[in-house]
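Observations on chain architecture
One-letter residues, chain by chain:
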Amino acid sequence: MKIKTLFNIKGKVQGVGYRYFAYRIAKEFGITGYAKNIWDGSVEVVAEGDKDKIELLNKHLKQGPSMSRVTECIRKDYPFKSEFDTFIVY
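Keep in mind that this is a model prediction, so the values were computed, not measured. (Residues numbered from 1 in each chain as written. Predicted model: local features only at pLDDT ≥ 70, side-chain atom pairs only at ≥ 80, totals over all residues. Heavy atoms only, no water.)

**Looking at the environment of Asn37**
Residue position: Asn37 is located in strand E2 (residues 32-37). Under the relative-accessibility criterion, Asn37 is labelled partly exposed at 31%. Sequence spacing of Asn37 and Glu83 is 46 residues, and the spatial spacing of their C-alpha atoms is 20 Å. What Asn37 contacts, discounting residues up to four positions off in sequence, is Gln14, Arg19, Ser42, Val43 and Tyr90. Side chain to side chain, Asn37 and Arg19 meet in a polar contact 3.4 Å long. (Helix = DSSP H or I, 4+ residues; strand = E, 2+ residues; numbered from the N terminus. Buried < 20%, exposed > 50% of the residue type's maximum accessible area, 1.4 Å probe, protein only. Contact = heavy atoms within 4.5 Å. Polar contact = N/O pair within 3.5 Å; in protein donor to acceptor, adjacent residues only side chain to side chain.)

Structure representation (structure tokens):
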């Protein structure tokens, strides 16, 4: 089963390579979508793919790259819509 998931990751997640970390993991798992910085200092990740791969991505996003410090990872699932062809960093 495929799903679309919106993640909002809070903490020390900007200026530490977090979006590119998310990009590498998404590409490895065949997930499409994007990662972008948000004005409030958080990072937004939208991911579409197999539910089990999204679960693995979720675990990685909660940990983040070594220089980050994730304090919260809010997740909301949506029906799969096949909106993306690849994973992009904004």
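**Notes on the packing of aromatic side chains**
Evaluation of the coordinates by the stated rule reveals four aromatic pairs. Judged by centre distance (6.0 Å) and plane angle (50°), the rings of Tyr18 and Phe21 are tilted. You can see Tyr18 and its partner Phe21 sitting in helix H1 (residues 18-29), three residues apart, about one turn around the helix. The exposure classification of Tyr18 matches that of Phe21, with both residues buried. On the numbers, 6.3 Å between centres and 55° between planes, the contact of Tyr23 with Phe87 is tilted. Taken together, the residues span a long stretch of sequence, with Tyr23 in helix H1 and Phe87 in strand E5 (residues 87-89) at a distance of 64 residues. Under the relative-accessibility criterion, Tyr23 is labelled partly exposed at 30%. Taking relative accessible area as the criterion, Phe87 reaches 3% and is therefore assigned buried. Through a chain of ring-to-ring contacts, the aromatic side chains of Tyr34, Phe84 and Tyr90 assemble into a single cluster. (Phe/Tyr/Trp six-rings, centres within 6.5 Å; stacked < 30°, edge-to-face > 60°.)

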